[in-house]
Amino acid sequence: MKRIRFLFLFLFVQTALYAQFNRGVQWTEDGNGYRRIENNEIVQYTLPDVQKTVLITAKQLTPSGKSEPLPVRSYEFSQDGRKALIYTNTARVWRYDTRGDYWVLDLDKNTLTQVGKARPVSSLMFAKFSPDGKKVAYVSERNIFSEDLTTGKVTQLTKDGTSRLINGTFDWVYEEEFDCRDGFRWSPDSRNIAYWQIDATQIRNFLMINNTDSIYAFNVPVEYPKVGERPSPYKIGVVSAAGGATKWMLTPGDPGNTYVPRMEWANANELIFEQLNRKQNLAKCLYADIKTGRTTEFYTDSDDAWVETKSSYSWSDSPTGWDWLNGGKEFLWMSEKDGWRHLYRVSRDGKTEKCITVGEYDVIGVVQVDEKNNFAYFMASPDNATQTYLFRVKLDGSGKAERMSPAGQAGVHRYDISPNGAWASHSFSNANTAPMTEWLRLPEHKALKESDDISKKLAAQTSPKKKVEFFTVKTEDGISLDGWMVKPDNFDPTKKYPIVFSVYGEPASSTVMDRWGTGRNGLYAGDMAKDGYIYASVDNRGTPSPRGRAWRKAIYRKIGNVNIRDLAMGAKALFAQHPFIDTDRVAVHGWSGGGSSTLNLLFQYPDLFKTGIAVAAVADQLTYDNVYQERYMGIPQENREDFVSGSPISHAKNLRDTQHLLYIHGTGDDNVHYQNAERLVNELVKHNRQFQFMAYPNRSHGIYEGEGTSRHLNTLFTKFLKEHCPPGAK
C-alpha cells in the first residue's frame, strides 16, 4: 500500500510508466546523449560536450489548423528513431494521468497525425509503437486497439471490455499495490500482443457519497476488494496484432486466489510471468507457450512472511521488464533468501543461481545493468540505513561490491545511468544540504562541468549549523532505532520544550532519511523551530529501511503492535536521554498509515502521548484492501485476532480526558475509505471520549482538491497543535 505518498509528496515523488512519465532524462539508444522537453520542443544533448540539438520543433508539434503546439506530457521514439509518439491532453486515473490523446510525428514525412482519433477524447492509455515501428497499440475504454501507421486502419483486438471486465490495464488494487497500470506488451516480432484481462465483476463496489456536486446526492462506486475478499480473477492472453481470437494461457491454480504482478515476452513464441499465491509468500516463475497456452513452472522464491515484487525495488521506475542476460540464457532476480536483499543471477531453466551482491547489506534498488562491461550498478548503504549510495558489482559474481559515490557526500544520492555505463545524471542532498545536481563521467564519478561539481561546491561551503540532528536510541526491548530531531531556534538545554513526533510506521515507507526535506512539517503554518517546538521522528521495525530481512519482516501479522511498541519505546528512550523534553507536552501526527500509528500511540500509550493529529487513517484494518493487508497481516479468516489487535478502533476506549485528538478525513477517499472515520467516531462516542473531527467533502486521500483546502488544513493543524501542545520554552 502506498498510503504515505500524499503526505510526503515532495519527498517521495517518483516517475513511472515510461510511456506516460519520462524519467529525469531519456537516454539515446547508444547512451552518449539524452533527450528532454524544453519550451514546447524536444531537444537532445550529446555527452560529454553537452551540445544541444533540437530534434522536434514547436512547429512540428503544431497540428494542422492550430496555432499552438501540443503540450507534451511525455514522448517515445520508435526503435529506428524516425517516428515520435506524443502524449498530451491527459486525464487522471486514480493516482496518475494515464489517459490522454496520442499523436505520431513522422520525421521523414514531417506529418503529425492523431492516433485513435475516433475514440473518445483523452481515453487512450499506454500507447506504444510496435518494435518494427509500423503500428501503434493502445487501450481505450478497457479494450485494446492496433492502428496501422501507413494505412490508418484501426483493428479492435478485444471487444468484451466493460467497466468491470478490464483488458490491457488493471483494477484499482493492482494499480495501488503492485504499481501495475500498463497491461499489454508487444511481441518482439511485432506480430502479437500479450495482455492481462482482469475480471472485477465479482468485486463489490464500495460506494462513496457525493453530497455537494448536485442537489440530490449520488454514489461514486469503486470496485474495491476488502481484506478477506477473493482477488479479481485474471487471464493472460495473446492476440494477433491483425485481429482474431485470443489464445488464453493455461495459468496454474485458481486465478481468483492468486496474482500475476509481472508478465513479459521471453521471446517471440513464449511468455514469462510471475505468479504469487494469495498470501504473497510464494512466487512462481513460469513460461507459457503462446501456441498451446501450456505453462511450465521453472523457478520459485518464498518467505515465511512475504516476498517482494519488482515494484518494491524497481530499477526502471516501473515494474515492467524482465532483466535478461547472456542472450536470454540467464536473468536477474532479487531475493531476501539469505536474510538480506540481494541480486541473483539465475539460469533460464531456474536450476542454477549465483548471488552477485554478497554481504550483510541490502540492495535498495538497481540503477543500471551494463552487461557489455560486466557491471550492475545499484543503491545500498551498508553502514547507515538513513542514507543511500551508488555501488557497482561484476555481473559474473566475481569480486566485491565497489562504492562509487564519493566519501565526502554523506546523504542520499540518486543516479540515472546511461545504457552504456559511461555517463550519469546525479543528484545529492542530505537533511541539511539542499539538492545539487551534476552530469558525471563513469566510472571516475567525475563532473563534466567544473561549475556543477558537487564535491567542489560542498568543499566551498561554510559549515552551517546542522538543523536536523540524527541519533540512535536503544529501547528497553533492546532494539536500536534511528531517528532525527530539529531543536528550537535559540535552544537552551536548561529549559524544557514541547516535542512533536512525525510518524508513519508501516511497510510502505520510512520517515527517517538523511535527505533534503527531512525535518520539515508541510502541515504546519509557520516555522516550528522558531515557534519553540522540538520536531522529531523515529524509525521502527517493519519499515523498508535497508537493515536486513529480520528488521523488515518483524512486523508480519503485527501491524499496530510491533511498530507501535517500537515508536513508543523509542520516544520513551529519547525522553530519558534528554531532560530538555517536556513530557507534559508530547504530540504526534501522521497521515494514512501514519494516521493509524498516531491513533494507536494515543490509545495504547496514553502516558506518553498527550496530543495527536491523525489524517486519513485506517482505523480498522478489516476495511482496507486485500493485497496490502493480506501481504503484511495474513488472511483474516485464519488470524482475525491479529487484525483486531492492531486496529486503533480496538483501543479507542483508552483515550483519556487529559489527551487531545484531532481526526481528519476526506469523504471522497477511494484509498482509505471515509468509513474508517465514521467507525472510529462511533467507537469514541460509545465510550464518551471527547475529540475534534474534520471531514473534507469529496476530497481524496491527499486532501488537496478544492479552493482553499490546503490552507484550511494547514491552519486547522497549526491552531489545534498550538492550543493543545503550546510551543515555547519553560
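It should be emphasised that the depicted structure is a prediction, and the values quoted were computed from it without experimental measurement.

(A) Local environment of the domain arrangement of the chain. In terms of domain boundaries, the chain breaks down into domain 1 (158-301), domain 2 (322-453) and domain 3 (468-724). For domain 2 and domain 3, the distance between their C-alpha centroids amounts to 33 Å. In this assembly, domain 2 packs against domain 3 so that about 1,500 Å² is buried in total across both faces, 55% of it on carbon and sulfur atoms. Summed over the three residues of domain 2 that lose the most area to domain 3, namely Ala385, Thr386 and Ala431, the buried surface amounts to 37% of that side. Across the contact surface, domain 2 and domain 3 share three salt bridges. Notably, a salt bridge pairs Arg552 with Glu336, separated by 2.8 Å at the nearest N-O pair.

(B) Structural context of the pattern of salt bridges. Across all of its chains, the model carries 43 salt bridges by this definition. Close ionic contact of Arg348 with Glu270 constitutes a salt bridge, the shortest N to O distance being 2.5 Å. Taken together, the residues span a long stretch of sequence, with Arg348 in the loop between β26 (342-347) and β27 (353-355) and Glu270 in strand β21 (residues 270-277) at a distance of 78 residues. With a relative accessible area of 25%, Arg348 lands in the partly exposed category. Where Arg549 meets Asp303, a salt bridge forms, and the shortest distance between an N and an O atom there is 2.8 Å. Placement of Arg549 in helix α5 (residues 549-553) and of Asp303 in the loop between β23 (295-302) and β24 (324-325) is noted, with a sequence separation of 246 residues between them. Accessibility expressed as a relative area gives 22% for Arg549, which makes it partly exposed. A relative accessible area of 11% places Asp303 in the buried class. What emerges from the salt-bridge pattern is a single network uniting Asp303, Glu336, Asp362, Arg549, Arg552 and Lys553.

(C) Geometry of the packing of helix α8 (residues 626-633) against helix α9 (residues 636-646). Contact pair α8 / α9: the axes reach a minimum separation of 11 Å and the direction vectors enclose 75°. As the angle between them shows, α8 and α9 are arranged roughly perpendicular. Across the interface between the two elements, Gln629, Glu630 and Met633 of α8 pack against Pro636, Asn639, Asp642 and Phe643 of α9. Each residue belonging to the contact of α8 with α9 can be placed in one class, and the counts come to three nonpolar, two polar and two charged.

How each quantity is defined
Residues numbered from 1 in each chain as written. Predicted model: local features only at pLDDT ≥ 70, side-chain atom pairs only at ≥ 80, totals over all residues. Heavy atoms only, no water. Domains from an automatic or database assignment. Buried area = accessible area lost by both parts, 1.4 Å probe. Salt bridge = Lys/Arg side-chain N within 4 Å of Asp/Glu carboxyl O. Helix = DSSP H or I, 4+ residues; strand = E, 2+ residues; numbered from the N terminus. Buried < 20%, exposed > 50% of the residue type's maximum accessible area, 1.4 Å probe, protein only. Axes fitted to C-alpha atoms, helices over the stretch in contact; angles between N-to-C directions. Parallel < 35°, antiparallel > 145°, perpendicular 65-115°, else oblique. Contact = heavy atoms within 4.5 Å. Nonpolar A, V, L, I, M, F, W, Y, C, P; charged D, E, K, R; others polar.

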